[in-house]
Amino acid sequence: MLERTHRWRHAVITAAGVVAAAVVLASCGNSTGPKNDQNALRPAGPYANKILDLTKPFFWIAVVIGLAVVVATIYVAMRFREKPGEERAPTQTHGNTRLEVAWTIVPALILAVMAVPTIATVFDLAKKPAAATSIHVTVTARQWWWQFTYTDPNNGVETANELHIPVGVDIALTLQGPPPGSCPGPSCYQNGVIHSFWVPALNGKKDVVPGRHQFLKLKASKPGTYLGQCAEYCGLSHADMRLRVVAQSPADYQAWVQSQLKPLTPKALAKFDEYNKAWTCLACHSDEPKVAGAVGPNLTHLADRTKFAAEVYALGYDNLRRWIFNAPSMKAMEENPKDPLKPKVGMPNFSNVGMSQQQADEIARFLLCNTATDPNTNAMFSSQLQAAGQPGC
Ligand code: CUA
């Protein structure tokens with residue numbers, strides 16, 4: 001009777017295990033994975049393809065070895081287990097030279113074979129593309145956003161979090177921490193932590209190490225938006241340090257570059273100056289093309305971007321007005337209770353230093369109406385503002 005309950009319990013546990021394994025494995029059912037735009041199994045360019053080409057055979061080699069080990073373990077456990085009514089010590093053996101040599105040499109051979117394409121891929125991906133046919137962008141990892149400076153061809157476009165690239169062209173990235181002197185004071189030092197740049201559809205990840213210049217190349221084979229994010233823990237808002245790569249036709253890309261080089265209108269610049277006098281926006285940001293903000297994104301063409309705060313919030317009136325009023329309530333920042341205007345890291349909480357929500361609303365409206373280069377974008381924000389009971393642009 002006792003024997004029977006035991007057997008039943010075994011059967012139930014085995015069945016539960018099989019069901020659980022089936023459920024887990026079902027999530028891998030689609031070999032190309034979920035459509036979440038951040039997926040190394042859906043490469044969109046030659047470098048990510050190269051990595052996937054390496055991953056696939058290695059995965060199956062691992063499956064075969066894993067299964068062989070599991071099956072052998074189960075076989076040995078069943079075959080040599082102590083049977084009921086049997087009371088004997090197993091045969092004692094010590095050492096087996098042939099077996100030991102075999103299980104040393106066979107794995108070494110397998111690893112040696114796998115090393116050949118691995119090393120070839122590592123060297124391929126580290127090869128710098130010809131400068132004449134590629135576009136060079138310096139990526140500065142900040143806490144917690146990405147600064148993109150287009151340095152070659154030397155057009156100097158300064159943008160944040162949204163990297164525009166032409167399809168079919170090699171993009172050579174230099175990844176760096178905040179360069180010394182780019183931002184004075186302790187906040188600069190605190191901006192200098194290790195991050196990792198990763199756009200899974202376009203290439204593998206690469207650490208961004210302060211004081212070093214790391215190389216990474218990207219290439220997209222078809223137009224599209226490819227999402228990425230920081231892949232190395234870098235403090236409070238690590239999870240909110242995202243980015244997107246917008247791959248466009250070469251003509252669209254050129255048009256984008258030209259749009260980003262347009263300065264603000266003199267009227268807009270004068271207004272910006274007014275806001276700067278009140279809130280020192282330009283101590284961190286910049287309102288001129290080609291000029292990097294000291295610690296914050298260049299805002300000249302903020303309204304051309306689809307999101308802000310490192311791709312965390314959709315760019316729109318309601319999000320932006322709340323952000324300007326009290327950014328740390330929307331994204332974790334390191335505030336400085338002694339001087340809220342000089343946070344340790346991140347955008348200050350302006351509601352703490354006398355800004356009213358109405359004043360924040362006005363700045364949000366100003367930015368949305370004056371920093372877009374596309375008239376359609378302007379019209380979109382105009383109707384958004386009117387829907388919120390504000391005058392349009
Ligand atoms: Cu930057 Cu994590």
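Residues numbered from 1 in each chain as written. Predicted model: local features only at pLDDT ≥ 70, side-chain atom pairs only at ≥ 80, totals over all residues. Heavy atoms only, no water.

1. Some points on the pattern of salt bridges
As a reminder, the rule being used: The term salt bridge refers to a pairing of a side-chain nitrogen on Lys or Arg with a carboxyl oxygen on Asp or Glu at a separation within 4 Å. Secondary structure elements are taken from DSSP: a helix is a run of H or I of four residues or more, a strand is a run of E of two residues or more, and numbering for both begins at the N terminus. Remark: exposure states derive from per-residue accessible area (1.4 Å probe, protein chains only) relative to the maximum for the residue type, with buried under 20%, exposed over 50%, and partly exposed in between.
A full pass over the atoms with the stated rule returns twelve salt bridges. For the salt bridge of Lys50 with Asp124, the shortest nitrogen-to-oxygen distance reads 2.6 Å. Here Lys50 is found in helix H2 (residues 46–79), whereas its partner Asp124 is found in helix H3 (residues 97–126), with 74 residues between them in sequence. Under the relative-accessibility criterion, Lys50 is labelled partly exposed at 29%. When the shortest N-O distance is used, the salt bridge between Arg321 and Asp318 registers 2.7 Å. With Arg321 and Asp318 both in helix H7 (residues 317–325) and three residues apart, this pair spans about one turn of that helix. Three or more residues joined by partner-sharing salt bridges are found here, namely Asp318, Arg321, Arg322 and Asp361.

2. Let's talk about the packing of H7 against helix H8 (residues 357–370)
Test applied: Only the contacting stretch of a helix is used when fitting its axis, a line to C-alpha atoms as for every element, and angles between N-to-C directions run 0 to 180 degrees. Note that the term roughly parallel is reserved for angles under 35 degrees, roughly antiparallel for angles over 145, roughly perpendicular for angles of 65 to 115, and oblique for everything else. The sense of a crossing depends on the near helix, which, turned anticlockwise from the far helix by less than a right angle, makes the crossing left-handed and, turned clockwise, makes it right-handed. The contact criterion used is simple: two residues touch if any of their non-hydrogen atoms lie within 4.5 Å.
Their axes nearest at 8 Å, the elements H7 and H8 cross at an angle of 125°. Taken together, H7 and H8 sit at an angle that is classed as oblique. When the axes of H7 and H8 are compared, the crossing they make is right-handed. Mapping the contact onto sequence places Tyr317, Leu320, Arg321, Arg322, Ile324 and Phe325 in H7 and Gln357, Ala360, Asp361, Ile363, Ala364, Arg365, Leu367 and Leu368 in H8.

3. Observations regarding the sheet that holds strand E2 (residues 145–152)
Condition: Any two strands with at least two DSSP bridges between them are considered paired.
Overall, mixed pairing links the five strands, which are arranged E3-E2-E1-E5-E8 in an open sheet. Pairing within the sheet leaves two strands with one partner each, and these edge strands are strand E3 (158–160) and strand E8 (214–218). Across this sheet, the average inter-strand angle for adjacent strands is 30°, counted without regard to direction.

4. Focus on the pairing of strand E1 (residues 134–142)
The buried count for E1 comes to eight of nine residues, which makes it a mostly enclosed element. Alignment of E1 against strand E5 (residues 170–176), held across seven bridges, turns out to be parallel. Bridging from a neighbouring strand, Thr138 pairs with Thr174 of E5. Note: E1 against E2, seven bridges, orientation antiparallel. Pairing of Thr138 across the sheet is with Thr149, part of E2. In this structure, the hairpin formed by E1 and E2 is closed by a connection of two residues.

5. Thoughts on the nonpolar core
Using the following cut-off: In these notes, a set of buried Ala, Val, Leu, Ile, Met, Phe, Trp, Tyr and Cys residues joined through side-chain atoms within 4.5 Å is what counts as a nonpolar core.
Within the largest apolar cluster, 69 residues are counted, with the highest numbers of intra-cluster contacts made by Trp146, Leu173 and Phe197. Tallying contributions element by element places H8 first for this core, with seven residues.

6. With respect to helix H6 (residues 266–279)
As a reminder of what qualifies: By this rule, a helix spans an expected 1.5 Å times one less than how many residues it contains. The arc under discussion is defined with respect to the helix axis, by the directions toward the C-beta atoms.
The end-to-end C-alpha distance of H6, which contains 14 residues, comes to 20 Å, matching closely the 20 Å that a straight helix rising 1.5 Å per residue would cover. Within the sequence span of H6, burial applies to Ala268, Phe272, Tyr275, Asn276 and Trp279. Each buried residue of H6 lies within a common arc of 105° when the element is viewed along its axis, so the set occupies one face. Projecting away from the buried face of H6 at angles above 90 degrees are the exposed residues Pro266, Lys267 and Lys277. Buried residues in H6 make contact with H8.

7. Re the environment of Leu368
Along the chain, the position of Leu368 falls in helix H8. In sequence terms Leu368 and Tyr317 are 51 residues apart; their C-alpha atoms lie 7.4 Å from each other. Dropping the residues within four chain positions of it, Leu368 is found in contact with Ala303, Leu315, Gly316, Tyr317, Leu320, Asn378 and Phe381.

8. As for unusual backbone geometry
The step from Gln143 to Trp144 runs through a cis peptide bond, and the omega angle for that step is 0°. Mapped onto the fold, Trp144 is located in the loop between E1 and E2. In this structure, Asn161 takes a positive phi of about 65° despite not being glycine. Considering the arrangement of structural elements, one finds Asn161 in the loop between E3 and strand E4 (162–166). Owing to a relative accessible area of 4%, Asn161 belongs among the buried residues under this scheme. Backbone geometry at Lys290 places phi at a positive 70°, although glycine is not the residue there.

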